[in-house]
Amino acid sequence: MSSAPDDHSLDMLIRKLESIATLSDEERQAIRSLPAKTRVLQPRQDIVRDGDKPSQCCLILDGWAYRYKLIGGGRRQIFSFHVAGDIPDLQSLRLHTMDHSLATLTQATVAFLPHESLRDLTTRFPSLTAILWRDTLIDAAVFREWMTGMGRRDAFERIAHLFCELYLKLQAVGLAQSYRCPLPITQVDLGDALGLSNVHVNRVLQEMRGRGLITLHSGTLVIEAWDELMRACEFDPTYLHLEKRAAA
Amino acid sequence: MPRYFFDVHDSGPQFDDRGTVLAGPDEACAKAKSLLASIAHEDIPKGADQHTFMAQVRDEDGNSIYAATLTYSGIRSQRQRHP
């Protein structure tokens, strides 16, 4: 644990926000001076749970996290996957009771940012408030896309669409390039995120491999045929609203 | 935990080379049911009026532990109304 205005752990947040907006030097400095308590969490560890009333937000510095909800019979719905730079529970700043849970997927380093400091930051910098709002709106846009997938796309299209989305999100914060990215998501997780069984996910992944679209090996996804994968699931990246959309 | 392989026959054989790790044969049977239902859900609307789906579950030694068949048969009536 460290209180660290100077260890640049908050640069991850700056990098993320700069993938969707432009920051001034003053804004960057204000973010860097947020008090942050850094912790290393084990895989599959809850960060905040459904019903909690947290007093801090969680910024991911390294590793992956996911938001989920449990319903009867041990059924789980995963809503989103998160990587470095994301604040998956930003909503707790304004909605005081958690209506779902947030957990680590892999071992993760996170920085806890006190609500009080975030509120102070947003009061002093309305432009940062606007950027965080933009981030929340993009979050909602991603949910709309997942809803469209679960309601209307078939299993192949759902998985292909998620792969395209994750690749572009990772690429935007410098965690992926050359159509290659880390993918520490199990088939059970993919199924719970996309409304499919793990066996069905497995079958579709083999079809994707068979068609030469992807390879998936020891936690690394390689998209072998980006254009074809995009076409197969009608992927249109507009909803990610990325400011800097690099070529590959 | 054991690994199970789910071969599917849907307008041609599709062999599962990778398999899925599951708790045991009960879970494997349950997964076969849900897989067959999901495949039928996606493929019946796209396919012909006669369609048979088969799933076979193999264990790590290659022994078949479950086999299921789902038949779709749609028949158009002789009498059709003309507008």
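In the annotation of an unreviewed UniProt entry, chain B is listed under the name DUF6894 domain-containing protein and assigned to Methylobacterium oxalidis.

In the nomenclature of an unreviewed UniProt entry, chain A corresponds to Crp/Fnr family transcriptional regulator from the organism Methylobacterium oxalidis.

## Focus: empty space enclosed by the protein
All names here are of chain A. Summed over the entire model, instances satisfying the criterion amount to 2 cavities of 30 Å³ or more. Taken as a whole, the largest cavity encloses approximately 100 Å³ of empty space. In terms of lining, the largest cavity is formed by Glu145, Trp146, Gly149, Met150, Arg153, Arg158, His161, Leu162, Glu165 and Leu194. Elements represented by at least two residues in the lining of the largest cavity include exactly helix H4 (126-152) and helix H5 (155-172). Residue composition of the lining of the largest cavity, by class: 4 nonpolar, 2 polar and 4 charged. Of the pockets and cavities examined, the second largest cavity occupies roughly 50 Å³.

## Re the UniProt feature "domain: HTH crp-type" (unreviewed entry) in chain A
Per the UniProt entry, the sites bearing "domain: HTH crp-type" (unreviewed entry) are residues 153-227 of chain A in this numbering. Helix and strand shares over residues 153-227 of chain A are 55% and 15% respectively, and the end C-alpha atoms of the span are 18 Å apart.

## Examining the pairing of strand S7 (residues 108-114) of chain A
Residue and element names in this part refer to chain A. Extensive coverage of S7 is indicated by the burial of 5 of its 7 residues. Here 5 bridges tie strand S1 (residues 37-41) to S7, and the two strands are oriented antiparallel to one another. By the bridge assignment, Thr38 is partnered in S7 with Ala111.

## Considerations on the side chain of A:Ser101
Residue and element names in this part refer to chain A. Its place among the elements puts Ser101 in strand S6 (residues 101-104). Within the local environment of Ser101, its side chain forms a polar contact with the backbone nitrogen of Asp50, the two atoms lying 2.9 Å apart. Those residues within four positions of Ser101 in sequence are excluded, and the remaining contacts are Val48, Arg49, Asp50, Tyr66, Arg67 and Tyr68.

## Quick notes on the sheet that holds strand S2 (residues 46-48) of chain A
All names here are of chain A. Overall, antiparallel pairing links the 4 strands, which are arranged S2-S6-S4-S5 in an open sheet. Single-partner strands in this sheet number two, and they are S2 and strand S5 (75-82). When strand polarity is set aside, the average angle formed by the axes of neighbouring strands in this sheet is 35°.

## Section: helix H2 (residues 25-32) of chain A
Residue and element names in this part refer to chain A. When we look at burial in H2, the residues that qualify are Glu27, Arg28, Ala30 and Ile31. Buried residues of H2, viewed axially, fall in a sector of 160°; they line one side. In H2, those exposed residues whose orientation departs by more than 90 degrees from the buried face are Asp25 and Glu26. Each element contacted by the buried residues of H2 is listed here: helix H1 (11-20), helix H3 (115-124) and H4.

## Quick look at the domain arrangement of chain A
Residue and element names in this part refer to chain A. Examined at the domain level, chain A breaks down into domain 1 (11-138) and domain 2 (154-240). The straight-line distance from the C-alpha centre of domain 1 to that of domain 2 is 24 Å. Each partner contributes to the interface: domain 1 provides 16 residues, whereas domain 2 provides 19 residues. Taken together, the two surfaces of domain 1 and domain 2 that pack against each other cover about 1,400 Å², and 61% of this comes from carbon and sulfur. The three residues of domain 1 that bury the most area against domain 2 are Trp64, Arg76 and Phe81, which together make up 38% of that side's buried surface. The set of elements that each furnish at least two residues to the side of domain 1 that touches domain 2 consists of H1 and S5. Broken down by class, the residue content of the side of domain 1 that touches domain 2 amounts to 8 nonpolar, 3 polar and 5 charged.

Thresholds, definitions, all that
- Residues numbered from 1 in each chain as written.
- Chains lettered and ligands numbered in written order.
- Predicted model: local features only at pLDDT ≥ 70, side-chain atom pairs only at ≥ 80, totals over all residues.
- Heavy atoms only, no water.
- 1 Å grid on protein atoms, 1.4 Å probe; cavity = no way out; pocket = protein on both sides within 12 Å on 5 of 7 lines; lining within 4 Å.
- Points joined across faces, edges and corners; volume = space filled by probe spheres on them.
- Helix = DSSP H or I, 4+ residues; strand = E, 2+ residues; numbered from the N terminus.
- Nonpolar A, V, L, I, M, F, W, Y, C, P; charged D, E, K, R; others polar.
- UniProt positions renumbered as here; feature names shortened; annotations may be inferred.
- Buried < 20%, exposed > 50% of the residue type's maximum accessible area, 1.4 Å probe, protein only.
- Pairing = 2+ DSSP bridges.
- Polar contact = N/O pair within 3.5 Å; in protein donor to acceptor, adjacent residues only side chain to side chain.
- Contact = heavy atoms within 4.5 Å.
- Axes fitted to C-alpha atoms, helices over the stretch in contact; angles between N-to-C directions.
- Arc of directions from axis to C-beta.
- Domains from an automatic or database assignment.
- Buried area = accessible area lost by both parts, 1.4 Å probe.

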